[in-house]
Amino acid sequence: MMTVRAETDAENVTGYLHPTYAESLAEFGTPVFLPASQGWILRRQIPGTPYHDAMGCYPLFACQDWSRLHHDLAKLGHDLVSLAVVTDPFGDYCEDDLRRGFQDLVIPFKEHFVVDLRQPMTAVVSANHRSKAHKALRSVHVERFPDPAQLGTEWIGLYQILIARHSIKGIPAFSAGSLTRQLLVPGIVAFQAREANKTVGMTLWYRQGHVGYYHLGAYNERGYDLHASFALFWSALQYFADEGLHWVNLGAGAGLTGNGTDGLSRFKHGWSTGTRTAFFCGRIFDRVKYEEIVHVKDAAEARFFPAYRERKF
């Protein structure tokens, strides 16, 4: 199985498609390149067993040729017990494409809030969000930082505040090394909000083709007080519209369901023109080993995939 960096077309491969992003998640699994579809997954050991399974890169699995993904998956069965991914809502696929590769599970997972940048900002952004953005911009200055790699120490400090404030655990609690590596991914766009030359918040985005993807945002206490997030999102959307992008993916709401009732969903809804579905997909490559692990871990009644990772994924 190929686990080394593959040759890529640097002009077209950016953001979640780029090998550098997969490498930024290497502490969660070994990056594996899928040559037919041109995507990446993470191979990881199943705790308490000699076996391995895989997951798509967090938060989204992206690839260049979805129609060929099933060819890649057909070659993984000798090495992996199972694979689980959450698909890019802007991927060029239909459900039939997904089902050719993921015969065990293809279900709508979360609705991602999206922005059609071909509409005027006054039609896109809610009145409440426009008002808060304009008010915030009277207190903070927002600028696109030309070299995101230079933001490492400052960004890590802000992200630690986010982790503590929301008790973030698991993969989203990125390590300093992972966060630093993410700043090197081609296609990254970073915005910084400052009050009196002191940074109070930042947002990171990835550009892939005609779509901008909101990746992460973090603020200190002053940033929360000043509603810096509204200033940053307003500025980012204006920038991407001026750059000629057609869409922005703001991601989904909080939690496993993203049912629209949480504060993050309400915030993103105020910027969006609609939603697109991300699918959760699963495939069992070795059913004997899968059932063996489920039995050992007493996970037969689990309502997640893979069942033996219900408390870990």
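Structure's up top.
Here is a short report on the structure shown in this document. (Residues numbered from 1 in each chain as written. Predicted model: local features only at pLDDT ≥ 70, side-chain atom pairs only at ≥ 80, totals over all residues. Heavy atoms only, no water.)

Let's shift gears to the overall build of the protein chain. Counting its secondary structure elements, the protein chain contains 11 helices and 11 strands. Its C-alpha atoms give the protein chain a radius of gyration of 20 Å, within 12% of the compact-globule value 20 Å for 313 residues. Dimensions of the protein chain, computed from C-alpha atoms along their principal axes, come out at roughly 60 × 35 × 35 Å. Buried positions account for 53% of the 313 residues belonging to the protein chain. For the protein chain, long-range pairs separated by at least 24 residues make up 72% of all intrachain contacts whose partners lie at least 6 apart in sequence. Of the accessible surface of the protein chain, which amounts to about 14,400 Å², a share of 49% is contributed by carbon and sulfur atoms. Here the protein chain carries 32 positive and 32 negative side-chain charges, and the mean point of each set is 5 Å from the other. (Helix = DSSP H or I, 4+ residues; strand = E, 2+ residues; numbered from the N terminus. Rg over C-alpha atoms; globule rule 2.2 N^0.38 Å. Buried < 20%, exposed > 50% of the residue type's maximum accessible area, 1.4 Å probe, protein only. Contact = heavy atoms within 4.5 Å. Areas by Shrake-Rupley, 256 points an atom, 1.4 Å probe, with all protein chains shown as cover. Lys, Arg positive; Asp, Glu negative; His and termini not counted. Charge placed at Lys NZ, Arg CZ, Asp CG, Glu CD.)

On to the nonpolar core, then. Membership of the largest hydrophobic core comes to 54 residues, with the highest contact counts inside it found for Trp155, Tyr159 and Tyr290. If one sorts the elements of this core by residue count, helix H6 (residues 152–166) sits on top with 6 residues. Residues within four places of tyrosine 159 in sequence aside, it is in contact with Pro172, Phe174, Leu179, Leu216 and Ala218. By size, the runner-up hydrophobic cluster in this structure holds 32 residues, among which are Phe113, Val140, Val200 and Leu245. (Core = buried A, V, L, I, M, F, W, Y, C linked by side-chain atoms within 4.5 Å.)

Now for the pairing of strand E7 (residues 188–195). Along E7, 6 of the 8 residues are buried, which leaves the element largely enclosed by surrounding structure. Direction of pairing for strand E6 (residues 141–145) relative to E7: antiparallel, over a ladder of 5 bridges. Counterpart to phenylalanine 145 in the pairing with E7 is alanine 190. Where E7 meets strand E8 (residues 198–208), 8 bridges bridge the pair, whose relative direction is antiparallel. By the bridge assignment, isoleucine 188 is partnered in E8 with tyrosine 206. Counting the residues between successive antiparallel strands, the hairpin from E7 to E8 contains 2 residues, one of them, alanine 196, with a positive phi of roughly 50°. (Pairing = 2+ DSSP bridges.)

Here helix H9 (residues 228–242) contains 15 residues, and its C-alpha end-to-end distance of 21 Å stays within 8% of the 21 Å for a straight helix at 1.5 Å per residue. Most of H9 is tucked away: 11 of the 15 residues are buried. Where H9 is concerned, the buried positions are Ala228, Ser229, Phe230, Ala231, Leu232, Phe233, Trp234, Ser235, Ala236, Leu237 and Phe240. Directly after H9, the chain includes glycine 244, whose backbone phi takes a positive value near 90°. (Expected span 1.5 Å × (residues − 1).)

As a further point, take H6. For H6, with 15 residues, the first-to-last C-alpha span of 21 Å sits near the 21 Å given by 1.5 Å per residue. Residues of H6 that are buried: Gly152, Trp155, Ile156, Leu158, Tyr159, Leu162 and Ile163. Projected down its long axis, H6 shows its buried positions confined to an angular sector of 165°, all on one face. Seen from the buried face of H6, the exposed residues on the opposite side, beyond 90 degrees, are Thr153 and Ala164. Here the buried face of H6 lies against helix H7 (176–182), E8, strand E9 (211–219) and helix H8 (221–225). Positive backbone phi, at 50°, marks serine 167, one or two positions downstream of H6. (Arc of directions from axis to C-beta.)

So, on to the packing of helix H5 (residues 127–137) against H9. Closest axis-to-axis distance for the H5/H9 pair is 7 Å, and the angle between their directions is 105°. With respect to their mutual orientation, H5 and H9 come out roughly perpendicular. On H9, the residues touching His129, Arg130, Lys132, Ala133, His134, Ala136 and Leu137 of H5 are Phe230, Ala231, Trp234 and Ser235. Of the residues assigned to the contact of H5 with H9, the class counts are 6 nonpolar, 3 polar and 2 charged. (Axes fitted to C-alpha atoms, helices over the stretch in contact; angles between N-to-C directions. Parallel < 35°, antiparallel > 145°, perpendicular 65-115°, else oblique. Nonpolar A, V, L, I, M, F, W, Y, C, P; charged D, E, K, R; others polar.)

Evaluation of the coordinates by the stated rule reveals 30 aromatic pairs. Centroid distance phenylalanine 61 to tryptophan 66: 5.5 Å. Interplanar angle 90°. Geometry classified as edge-to-face. Across the pair, exposure class does not vary: phenylalanine 61 and tryptophan 66 are buried alike. One aromatic cluster is present, formed by Phe191, Trp205, Tyr214, Phe230, Phe233, Tyr239, Phe240, Phe267 and Trp271 through successive ring pairs. Across from the ring centre of tyrosine 224, 3.6 Å away, lies the NZ or CZ of arginine 165, which sits over that ring. (Phe/Tyr/Trp six-rings, centres within 6.5 Å; stacked < 30°, edge-to-face > 60°. Lys NZ or Arg CZ within 6 Å of the ring centre and 35° of its normal.)

This paragraph deals with unusual backbone geometry. Cis geometry marks the peptide bond from tyrosine 58 to proline 59; its omega dihedral reads 5°. Considering the arrangement of structural elements, one finds proline 59 in the loop between strand E3 (52–56) and helix H2 (69–74). Here phenylalanine 305 and proline 306 are connected by a cis peptide whose omega angle stands at -10°. Inspection of the secondary structure assignment puts proline 306 in the segment after helix H11 (287–296). The phi torsion at alanine 196 lies on the positive side, around 50°, for a residue other than glycine. Residue position: alanine 196 is located in the loop between E7 and E8. By relative accessible area, alanine 196 is classed as exposed at 74%. In this structure, aspartate 298 takes a positive phi of about 50° despite not being glycine. Mapping aspartate 298 onto the fold places it in the segment after H11. With a relative accessible area of 69%, aspartate 298 lands in the exposed category.

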